[in-house]
Amino acid sequence: MPKMNLSHFEAAFLFSLFVSIVLGVVTKRTDRERFQYGVYTFVCFLVALFGLGWLMFFGHR
Amino acid sequence: MATEKQEKQPVPPVSAWAPAVALGWLIPGGGHLLLKRTGRGWLLMAAITSMFLCGLMMGGAMFTPQTGDLLTTLINTGGFIGDLCSGILYLLSVWLGYNQPDMAGHVHDYGTKFLVTAGLLNLLAMVDVYEIAARRKE
């Protein structure tokens, strides 16, 4: 089994991507709504990721 | 005033949804494919399988049910159920001897979360399959 050695950002990015795809597919009723919801969820994940990252950076100084 | 009672939806017969839900558990996305939702089925299969494989390649640990104090029971049994929800992915990896001990380090930790989350996402997909088979959703 090949090994993956990811940084926090890369792992959280992949996590966000996979979860957003599934949430987009299972939650809404039309393809357009599904796509929009998937993108919305992914953007929310990224905003939270960068927001918490900066928060921890300033909290650590 | 909104005093209307919500109409109770009739419970569909087990034979209408059980095969699709069972296939959805065994093969992520399989239930959607059985119900001819091919695009969504392949997307689910790709996302859930990729997440599970990433978890394996990161050296994530599989949970085994353990009893003890409440938190230990909750985490280990809940994690085990999450792992088990991945269906054939979990079964194959266990049968082929995947046995990664729980180790310190952020990559292993992410791997463990990826494995459990893949199962939980498959659970969501199974609920979606049930709703489609019960004709509550397209």
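Structure's up top.
The rules behind these values
Residues numbered from 1 in each chain as written. Chains lettered and ligands numbered in written order. Predicted model: local features only at pLDDT ≥ 70, side-chain atom pairs only at ≥ 80, totals over all residues. Axes fitted to C-alpha atoms, helices over the stretch in contact; angles between N-to-C directions. Helix = DSSP H or I, 4+ residues; strand = E, 2+ residues; numbered from the N terminus. Parallel < 35°, antiparallel > 145°, perpendicular 65-115°, else oblique. Left-handed = near helix turned anticlockwise from the far one by under 90°. Contact = placed C-beta atoms within 7 Å. Nonpolar A, V, L, I, M, F, W, Y, C, P; charged D, E, K, R; others polar. Core = buried A, V, L, I, M, F, W, Y, C linked by C-beta atoms within 7 Å. Buried ≥ 20, exposed ≤ 12 C-beta atoms within 10 Å, placed from the backbone.

### Some points on the packing of helix H3 (residues 38-57) of chain B against helix H6 (residues 106-133) of chain B
Between two packed helices, the angle of one axis relative to the other and the distance separating the axes together describe the packing.
All names here are of chain B.
Okay, step 1: Put simply, H3 and H6 touch, their axes get as near as 7 Å, and they point 160° apart. As judged from the angle between their axes, H3 and H6 are roughly antiparallel. The handedness of the crossing between H3 and H6 comes out as left-handed. The segment H3 lies against H6, with Leu-44, Ile-48, Met-51, Phe-52, Cys-54 and Gly-55 engaging Gly-111, Phe-114, Leu-115, Thr-117, Ala-118, Leu-121, Asn-122 and Ala-125.
Okay, step 2: The residue inventory of the contact of H3 with H6, partitioned by class, reads 10 nonpolar, 4 polar and no charged.

### A word on the nonpolar core
Okay, step 1: Judged by nonpolar contacts, the single largest core of 38 residues is most densely connected at Val-22 of chain A together with Ala-47, Ile-48, Met-51 and Phe-114 of chain B.
Okay, step 2: Of all the elements in the fold, those that place two or more residues in this core are helix H1 (8-27) of chain A together with helix H1 (14-26), H3, helix H5 (88-95) and H6 of chain B.
Okay, step 3: A per-element tally of this core places H6 of chain B first, with 11 residues.
Okay, step 4: Leave out the neighbours within four places in its chain, and Phe-114 of chain B touches Phe-15 of chain A together with Met-51, Cys-54, Gly-55, Met-58 and Gly-60 of chain B.

### Things to note about the interface of chain B and chain A
Okay, step 1: Between chain B and chain A, the contact holds 23 residues from the first and 17 residues from the second.
Okay, step 2: Residue assignment for the side of chain B that touches chain A shows that the elements contributing at least two residues are H3 and H6 of chain B.
Okay, step 3: The element contributing the most residues to the side of chain B that touches chain A is H3 of chain B, with 10 residues.
Okay, step 4: Residues belonging to the side of chain B that touches chain A are distributed by class as follows: 15 nonpolar, 4 polar and 4 charged.

Shape is all these values report; function is a separate question.
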